[in-house]
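# Architecture and fold: a report
One-letter residues, chain by chain:
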Amino acid sequence: MARSARRVGMARRDFLRRTGVAVVTIGATPSILAACGGDDGTGDAPSPTGPAASPEAPDASGTLNFLSWEGYDIPVDSMEAWRKDQGIEVNPTYIANHDEIQAKIKGGGAAAGYDLITYYQGYMPLYTELEILTPLDENKLPNLSGLFPFWASDVNNFWIDPEGQRIGVPWTWGSIGLTYNSAEVDEMSSWYDLLDPSLKGKVATVDDPAGNFNLCCKILDLQSNEVPKDRLGDIVDLMSQFVAQGRGVSPSFGDMTTKLVSGDAVACFHGWAAMNTFAADQGVDTIKTNIPEEGSHSFCDSYAIPPTSENPDAALAWINEALDPVVNAEAAEYLVGGVTVEASVENLNKATRGLYPYDDLDGLLELAPLAINAPTESDEFVTFPEWNEAFQGIKAGA
Amino acid sequence: MASLAEATTRTEAAERRRVRPLIATLPAVAWLLAFFATPLVIFAVYSLLTNELYAVGTPFTLDAYRDALTSTLNRTLARNSLEVGLSTAAVTVMAGLPIAYWLRFVARRSRIAVLFLIAASMFASYLVRIYAWRTVLGSRGLVNSALDRAGLIDQPLGFLLYSRFAVIVALVHIFLPYVVLVLYAGMGPLGEGLLEAAQDLGAKSSLLWRRVIIPIMAAPAFSAFVFVFILSAADYVTPQFLGGKDGVTLGVQIQQNFVGVGNWPLASATSFLMLLAFVAVFAVGSFILRRLKLNDIRLSS
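Keep in mind the model is a prediction, meaning the values are calculated, not measured.

## As for the overall build of chain B
Scanning chain B for helices and strands turns up 12 helices and 2 strands. Ordering the α and β elements of chain B from the N terminus gives α-β-β-α-α-α-α-α-α-α-α-α-α-α. Against the compact-globule benchmark of 19 Å for 301 residues, chain B has a radius of gyration of 25 Å, which places it well outside the compact range. Counting only C-alpha atoms, chain B reaches 80 × 65 × 35 Å along its principal axes.

So, in structure tokens, the structure goes:
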């Protein structure tokens, strides 16, 4: 998820406008089952912990101290009804920046009392290092069985650690793309199209250090968490060219949408398909998003329980309910995101279902795989602090 | 005996007069100690500890200060911050002085209404005002559209938005009401009689300003200047929305180090160095005021 945003609470829809991660419209056709299911497997079967006999969600109630984006507390009818029936009172702390999660948990210590958080999969190594992700009891998460095989898999240990212990539950996702105003420019098939001299001053970039780094790595065919230190210059050079095509770096995705609508920009490095909708809401229906030939990257946000939790059963019950096919679909519509529960697809409205090619999820995730952030420390690879320093320098022209 | 008792009573009364105001300040002092001084001390300690990724540890070290001072990026951003802060403060005070003067000496019946409007302008959200400037300065904004319709330009003026110019314009707009109110209050001692006396003695308008108004207004104007300078130089929201490359400030980097990178010692050290820069500006200004004997002009009624 984006590392930068306005420093105020915001609705999830607003968050998606202003900060978020990406979603891309690419052609949709048949069979998500063929792409995600069976034995061709975008991913392997999960390795559940404990007996799989008859998992049952805990009958928990009480206060649930929630720390994440506004909207990730799923304020939809189905979830509200379940919450009231269950007797769970949500006490939310909304963030404006993903980094606030680790900052608040590490800064506040156990006294913070947070029961439920979310994390973007790229943060898994950092959160593991900071010991923020506690093991989840799969016996209390019966709805895990409804996940698409890919989202149930242990791909890159994003949600299941190397010992087979579940540490997170993926429940919403999307993909980054190149967003442009089709009334102003022709369709763009390459990220390098943004460097055309005719677009000087018309390309918006966003203040998302991690997202920009991951995307530049993808364009340069580098693995974002294993970039040799001597390749940092290449990434800086590429990013500098994109930033130089615009005037200033937008603080959020919503700000880039505003630039597209006002005509201050005609294309974005990088954007997502939901921006099309947000721009249309503001009267400009010519904004489009695609994934260029060099590819992009995807994101997935997962629920997790931090060590500060004092009501883990309520958190587990919540997570389980978030995987209910109806709740997961309503959440996706509310968040303009993707579903991770197979049976949710049929519950989606046409617009939300059309955001992603559920018939070719394999193809999408190959073109736009789930990225891993740069490490925080390494003698061999570029670290996030090194990139962040470089990116701030690019922004300031230093 | 009576005189001794009277003297004792007077002493006690004087003591009460001396102590009561101090007691009245206790809540504010306690508040500042708890929520300003204590965090500042904690920050100071953090800046001297070793970075441990969203945590700090021993040994004590000056590494964070060394890193903050040797960073080329920090120097660039600090220069940006100082330039934005100084420019904004200078423009705001210069624009505020005539408005405050007009309110104090020219506006009669409309004074209250204008003061209300000035105060009301502060009710608008900070971000709303920033976005409002984008609609004014954007490539399809009011200014460019008007110039285009007038046939004065065939391409939008790019420097208007996403530039330091835009940042300063917006910050001046945001802080001008505060400055006007401070300067208006500072003109309290400037009675009309004083101005009339100066004019009776032959002072023309320019001399009146140079020899009477500005010397008396120097101290409040300096207060307003420092107020705007610190808030503008430390601001990192407006530059992100309206600034280009030369609008990025040190506050952004401090925020990144605290939250994004988790290097609390470096963020704390950079904050303290920024604080030192602010104190230095304040000290230089105060020194100049003292040298010019403008720091404590008192008028008797």
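From this point, the narrative continues.
## Structural notes on the overall build of chain A
If you tally the helices and strands in chain A, you get 15 helices and 10 strands. Per-residue burial over chain A gives 61% buried out of 398 residues. A sequence separation of at least 24 residues applies to 78% of the contacts in chain A between residues at least 6 apart. Only carbon and sulfur atoms are counted for the fraction: they give 47% of the accessible area of chain A, which is about 13,500 Å².

## Topic: the layout of surface pockets
For the largest pocket, the calculated volume is near 380 Å³. Along the wall of the largest pocket there are 18 residues; nearest its centre are P385 of chain A together with N51, V261, N263 and L266 of chain B. Elements supplying a minimum of two residues to the lining of the largest pocket: α15 (384-396) of chain A together with α11 (250-260) of chain B. Considering every element that reaches the lining of the largest pocket, the biggest residue donor is α15 of chain A, with 4 residues.

## Considering the packing of helix α8 (residues 232-244) of chain A against α15 of chain A
All names here are of chain A. Remark: α8 packs on α15, axes separated minimally by 10 Å, with the N-to-C direction vectors making an angle of 30°. Considering the angle they form, α8 stands roughly parallel to α15. Here α8 runs over α15; the crossing is right-handed. Contacts between α8 and α15 involve L232, I235, V236, M239, S240 and V243 from the former and W387, A390, F391 and I394 from the latter. Looking at the contact of α8 with α15, its residues break down into 9 nonpolar, 1 polar and no charged.

## A look at empty space enclosed by the protein
Tallied over the full model, the rule gives 3 cavities of 30 Å³ or more. Taken as a whole, the largest cavity holds about 100 Å³ of empty space. Lining the largest cavity are 13 residues; nearest its centre among them are V249 and K395 of chain A together with P239, Q240 and V248 of chain B. The residue makeup of the lining of the largest cavity, split by class, is 4 nonpolar, 6 polar and 3 charged.

## So, the pattern of salt bridges
Inspection of the entire model under this criterion finds 12 salt bridges over all chains. Note that E184 of chain A and R140 of chain B form a salt bridge whose closest N and O atoms lie 3.0 Å from each other. Of this pair, E184 of chain A sits in the loop between β5 (177-181) and β6 (203-206) while R140 of chain B sits in the loop between α5 (126-137) and α6 (142-149), which puts the two residues in different chains. Judged by its relative accessible area of 52%, R140 of chain B falls in the exposed class. R231 of chain A is paired through a salt bridge with D234 of chain A; the nearest N and O atoms lie 2.4 Å apart. Classification of R231 of chain A as partly exposed rests on a relative accessible area of 28%. Classification of D234 of chain A by relative accessible area gives partly exposed; the value is 33%. Beyond isolated ion pairs, a larger network of salt bridges with shared partners links D63, R66 and D67 of chain B.

## Quick look at the interface of chain A and chain B
The accessible area lost on association of the parts is a frequent measure of interface size. Residue-level contacts link 41 residues of chain A with 30 residues of chain B. For the pair chain A and chain B, the summed buried area comes to about 2,900 Å², and 56% of that belongs to carbon and sulfur atoms. Where chain A packs against chain B, one counts 2 salt bridges. The shortest N-O distance in the salt bridge between R134 of chain B and D255 of chain A comes to 2.4 Å. Our count for the contact surface shared by chain A and chain B stands at 9 residue pairs in polar contact (both at pLDDT 80 or more). Among the elements that take part in the side of chain A that touches chain B, α15 of chain A stands out by supplying 9 residues, more than any other. Residues that form the side of chain A that touches chain B fall into these classes: 13 nonpolar, 12 polar and 16 charged.

## What to know about helix α10 (residues 274-281) of chain A
Along α10 of chain A, the positions that sit buried rather than exposed are A274, M275, N276, F278 and A279 of chain A. Positive backbone phi, approximately 95°, marks G283 of chain A, located one or two places after α10 of chain A.

## Concerning the sheet that holds strand β8 (residues 267-271) of chain A
Residue and element names in this part refer to chain A. The strand order across the open sheet formed by 5 strands is β7-β6-β8-β5-β9, and the pairing between neighbours is mixed. Of all the strands in the sheet, the pair left with one neighbour each is β7 (249-250) and β9 (287-290). Bridge count between β5 and β8: 3 bridges; the pairing is antiparallel. The partner of G177 across the bridge, within β8, is G271. Lying over the sheet, α10 contacts β5, β8 and β9, oriented at roughly 180° with respect to β9.

## A look at unusual backbone geometry
Between F269 of chain A and H270 of chain A the backbone carries a cis peptide bond, its omega angle lying at -5°. Going from T58 of chain B to P59 of chain B, the amide bond is cis rather than trans, its omega being 5°. Assignment of secondary structure puts P59 of chain B in the loop between β2 (56-57) and α2 (63-70). A positive phi angle, close to 55°, is found at N157 of chain A, a residue other than glycine. As for its placement among the helices and strands, N157 of chain A is situated in the loop between α6 (149-152) and β4 (169-175). Taking the relative accessible area as the measure of exposure, N157 of chain A reaches 24% and is therefore partly exposed. The backbone of Y162 of chain B sits at a positive phi, close to 55°, despite the residue not being glycine. Locating Y162 of chain B in the fold gives a position in the loop between α6 and α7 (164-186).

## Side note on the confidence of the model for chain A
All names here are of chain A. Per-residue confidence for chain A gives a mean pLDDT of 84, with 86% of residues at or over 70. Mean pLDDT across the elements of chain A ranges from a minimum in helix α2 (residues 32-36), with 31, to a maximum in helix α11 (residues 312-322), with 97. Segment residues 1-52: pLDDT under 50, and 186 contacts once partners within four positions in sequence are set aside and those in other chains are kept.

## Some thoughts on the packing of aromatic side chains
Scanning the model with the defined rule gives 34 aromatic pairs over all chains in all. Ring geometry for F148 of chain A and Y358 of chain A: centres 6.4 Å apart, planes at 20°, overall stacked. Here the residue F148 of chain A occupies a position in the loop between α5 (124-129) and α6, and Y358 of chain A occupies one in the loop between α13 (350-353) and α14 (361-367), the gap between them amounting to 210 residues. Both residues of the pair, F148 of chain A and Y358 of chain A, belong to the buried class. An aromatic cluster is built from F148, F150, W151, F158, W159, W173, Y356 and Y358 of chain A, whose rings are joined through pairwise contacts. A cation sits over an aromatic face here: K259 of chain A above Y162 of chain B, 4.2 Å from the ring centre.

## A look at the state of the cysteines
All names here are of chain A. Using the criterion set out here, one finds 0 disulfides over all chains in the structure. For C216, which is in no disulfide, the shortest distance to another cysteine sulfur is to C217 and amounts to 7.1 Å. Exposure remark for C216: the relative accessible area of 0% places this residue in the buried category.

Each value, and the rule that gives it
- Residues numbered from 1 in each chain as written.
- Chains lettered and ligands numbered in written order.
- Predicted model: local features only at pLDDT ≥ 70, side-chain atom pairs only at ≥ 80, totals over all residues.
- Heavy atoms only, no water.
- Helix = DSSP H or I, 4+ residues; strand = E, 2+ residues; numbered from the N terminus.
- Rg over C-alpha atoms; globule rule 2.2 N^0.38 Å.
- Buried < 20%, exposed > 50% of the residue type's maximum accessible area, 1.4 Å probe, protein only.
- Contact = heavy atoms within 4.5 Å.
- Areas by Shrake-Rupley, 256 points an atom, 1.4 Å probe, with all protein chains shown as cover.
- 1 Å grid on protein atoms, 1.4 Å probe; cavity = no way out; pocket = protein on both sides within 12 Å on 5 of 7 lines; lining within 4 Å.
- Points joined across faces, edges and corners; volume = space filled by probe spheres on them.
- Axes fitted to C-alpha atoms, helices over the stretch in contact; angles between N-to-C directions.
- Parallel < 35°, antiparallel > 145°, perpendicular 65-115°, else oblique.
- Left-handed = near helix turned anticlockwise from the far one by under 90°.
- Nonpolar A, V, L, I, M, F, W, Y, C, P; charged D, E, K, R; others polar.
- Salt bridge = Lys/Arg side-chain N within 4 Å of Asp/Glu carboxyl O.
- Buried area = accessible area lost by both parts, 1.4 Å probe.
- Polar contact = N/O pair within 3.5 Å; in protein donor to acceptor, adjacent residues only side chain to side chain.
- Pairing = 2+ DSSP bridges.
- pLDDT = per-residue confidence, 0-100.
- Phe/Tyr/Trp six-rings, centres within 6.5 Å; stacked < 30°, edge-to-face > 60°.
- Lys NZ or Arg CZ within 6 Å of the ring centre and 35° of its normal.
- Disulfide = S-S within 2.5 Å.

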